[in-house]
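# Structure assessment
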Amino acid sequence: MSTAVASPAPVEAGLKPVGWKIPVMLGVVAVATFLFCGILGPDSTAGFGISQDGDFFQLPVVTLPAKATGLVLGVVMIAIAAWSVVLRNRARTVPIWAVAVFAAAFVIAFLTAVVGGARLHEISLAGLLAGSVTLAVPLVFGSLSGVLCERVGVVNIAIEGQLLGGAFTAALVGSVTHNAFAGLLAAAVAGALVSMVLAVFSIRYLVNQIIVGVVLNVLVSGLTGFLFSTLLQSDPEKLNSPAHLPVIDIPVLSSIPLIGPILFKQSIIGYLMYVAVFVVWIGLFKTKWGLRVRAVGEHPQAADTLGINVNATRFWNVTLGGAIAGIGGSYFTLVAVDSFTKEISGGRGFIALAALIFGRWNPIGAFLAALLFGFADNLQSLVTIIGTPVPSQFMAMLPYLVTILAVAGLVGRSRPPAASGVPYVKE
């Protein structure tokens, strides 16, 4: 006898409002933008540098009047919010492009107001975007891990533990061997081991997947913290000074303004990020393996009748997802900093979990959502440096506020795999 899983509901194109939630959210954000970035915006200009020193050619700095920009874009946002009300009354969906325009208008208005009111009235847009991609690297790997797990029917709450385990192992092995690539490989193994524990307890012993994930996060956090204090701190020169992965600068291409540093000036982990997104997307949606994985995640009973070993497929997918998250964790100690510290992942595993939900369990969508959260994270650091009047406490909570708003705006409109979180028992 097998557990029954409800057949999946049809997925609609576009964004369908649930009640008045979407129009209300758009309206509140639009009015707030018009008020604070427009009417109360600074009477100054904001400059955005597109080129950096060493670029193949230089582009002029874009200068915008802060208050006028806030007023114009606020009106555009209010118009989109009003249109969403009309569409809601006609029981029609809000097009994705309209939401994208709304989001872009908000970001530009907010940036212009913040930079215009800062002590330094100019920032490097190229640096902001390049830094955003850099900060998003572990989020992308973590969200890909979640996609692989949930597409096969296992909820992966343990992404934080996988990132943290990968970071610790990369630092230790990279220090002992004096080889960053050995640390990178060890991080993948550590992430896979954490995932194997999740797989064994949730698939073999049918323990609640969310509970197992939370316990694993606490376990890995406590274990790495203990080993850091007792082992790494005993001889930091030998045990906590890993070799560094250098930034690989592709000649000429890396000098293209704006996109050069993003695509062609990354560490090996940064390049692996782009490869991983592409490979996972191709694998899930263009191969026989991906079809089987998605069948197991949507209707395991039907997949079983076709000869697919449901639990074995789940086990190996979860293990693969953990290895990918472990590689993302190695970024913290092999690229970002040169040593391991307690809680170095800083809760980014949970933001990665939000990114995969916001990205609708699609590798490309998760990648774009992770970039959004990376942008918010980098923005709060940059605007603090230029001397913005916005309180530092608000800027520090900006990445998490964006996460909450993104996920809250998506609830009710995005459907996870039908069998996600449902154990499969074959008798």
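Everything numeric in this text was worked out from a predicted model, so none of it was measured.

The rules behind the values
Residues numbered from 1 in each chain as written. Predicted model: local features only at pLDDT ≥ 70, side-chain atom pairs only at ≥ 80, totals over all residues. Heavy atoms only, no water. Helix = DSSP H or I, 4+ residues; strand = E, 2+ residues; numbered from the N terminus. Contact = heavy atoms within 4.5 Å. Buried < 20%, exposed > 50% of the residue type's maximum accessible area, 1.4 Å probe, protein only. Pairing = 2+ DSSP bridges. Axes fitted to C-alpha atoms, helices over the stretch in contact; angles between N-to-C directions. Phe/Tyr/Trp six-rings, centres within 6.5 Å; stacked < 30°, edge-to-face > 60°. Lys NZ or Arg CZ within 6 Å of the ring centre and 35° of its normal. Salt bridge = Lys/Arg side-chain N within 4 Å of Asp/Glu carboxyl O. Core = buried A, V, L, I, M, F, W, Y, C linked by side-chain atoms within 4.5 Å. Domains from an automatic or database assignment. Buried area = accessible area lost by both parts, 1.4 Å probe. Nonpolar A, V, L, I, M, F, W, Y, C, P; charged D, E, K, R; others polar.

### Digging into unusual backbone geometry
Positive phi values are uncommon outside glycine, yet leucine 258 reaches one of about 75 degrees. As for its placement among the helices and strands, leucine 258 is situated in the loop between strand 4 (247–249) and helix 9 (260–264). Notably, arginine 360 is not glycine yet its phi reads approximately 60 degrees, a positive angle. Tracing the sequence through the fold places arginine 360 in the loop between helix 14 (348–358) and helix 15 (363–385).

### Considerations on the side chain of serine 132
Along the chain, serine 132 turns up in helix 4 (residues 125–151). Ignoring anything within four residues of it in the chain, the contact list for serine 132 reads Gly374, Phe375 and Asn378.

### Structural notes on the environment of phenylalanine 340
Structurally, phenylalanine 340 can be placed in the loop between helix 13 (310–336) and helix 14. Accessibility expressed as a relative area gives 0% for phenylalanine 340, which makes it buried. Linking phenylalanine 340 and leucine 232, residues 108 residues apart in sequence, is a C-alpha distance of 8.5 Å. With near-sequence residues (within four places) excluded, phenylalanine 340 lies in contact with Leu164, Ala167, Phe168, Ala171, Thr224, Phe228, Leu232, Asn240 and Thr333.

### Some points on the sheet that holds strand 2 (residues 62–65)
The strands making up a sheet are joined through hydrogen bonds of the backbone, oriented either antiparallel or parallel. With mixed pairing, three strands are arranged side by side in an open sheet as 2-1-3. With one partner strand each, in any of the chains shown, strand 2 and strand 3 (122–124) form the two edges of the open sheet. Taken pair by pair, the neighbouring strands of this sheet meet at an average axis angle of 20 degrees, ignoring direction. Pairing analysis gives four bridges linking strand 1 (residues 45–49) to strand 2, with the strands arranged antiparallel. Considered in strand 2, the bridge of alanine 46 is made with leucine 64. Lying over the sheet, helix 2 (residues 66–89) contacts strand 1 and strand 2, oriented at roughly 75 degrees with respect to strand 2. In the packing of helix 4 onto the sheet, the strands contacted are strand 1 and strand 3, and the crossing angle to strand 3 comes to about 45 degrees.

### Section: the packing of aromatic side chains
Per the counting criterion, the structure on display carries ten aromatic pairs. Between the aromatic rings of tryptophan 281 and phenylalanine 285, the centroid separation amounts to 6.3 Å while the plane-to-plane angle is 45 degrees, which identifies the pairing as tilted. Of the two residues, tryptophan 281 and phenylalanine 285 are both situated in helix 10 (residues 268–286); the distance of four residues between them amounts to about one turn of the helix. According to the relative accessible area criterion, tryptophan 281 is partly exposed, its value standing at 24%. Geometry around tyrosine 205 places arginine 204 over its ring, the cationic atom sitting 5.3 Å from the centre.

### Topic: the pattern of salt bridges
Under the defined criterion, the tally for this structure stands at two salt bridges. Between aspartate 43 and lysine 67 there is a salt bridge, with the nearest N and O atoms lying 3.2 Å from each other. Taken together, the positions of aspartate 43 in the loop between helix 1 (21–39) and strand 1 and lysine 67 in helix 2 put the pair 24 residues apart, joining distant regions of the chain.

### Examining the nonpolar core
Residues Val140, Phe141, Leu144, Ile269, Met273, Phe340 and Phe373 are the most contacted members of the largest nonpolar core, which totals 75 residues. Broken down by element, the residue count for this core peaks at eleven residues, all from helix 4. Excluding residues within four positions of it along the chain, valine 140 makes contact with Met273, Val277, Phe367 and Ala370.

### With respect to the domain arrangement of the protein
You can read the domains of the protein as domain 1 (20–117) and domain 2 (127–410). Centre-to-centre, using C-alpha coordinates, domain 1 lies 30 Å away from domain 2. Here domain 1 packs against domain 2, burying approximately 1300 Å² in sum over the two surfaces, 73% of which is carbon and sulfur. Looking only at domain 1, the three residues that lose the most surface to domain 2 are Gln52, Phe110 and Val114, adding up to 31% of its buried area. The tally of links from domain 1 across to domain 2 stands at zero salt bridges. When contributions to the side of domain 1 that touches domain 2 are tallied by element, the ones reaching two or more residues are helix 1 and helix 3 (96–116). Of all the elements, helix 3 adds the most residues to the side of domain 1 that touches domain 2, at five residues. Taken together, the residues that form the side of domain 1 that touches domain 2 break down as eleven nonpolar, four polar and two charged.

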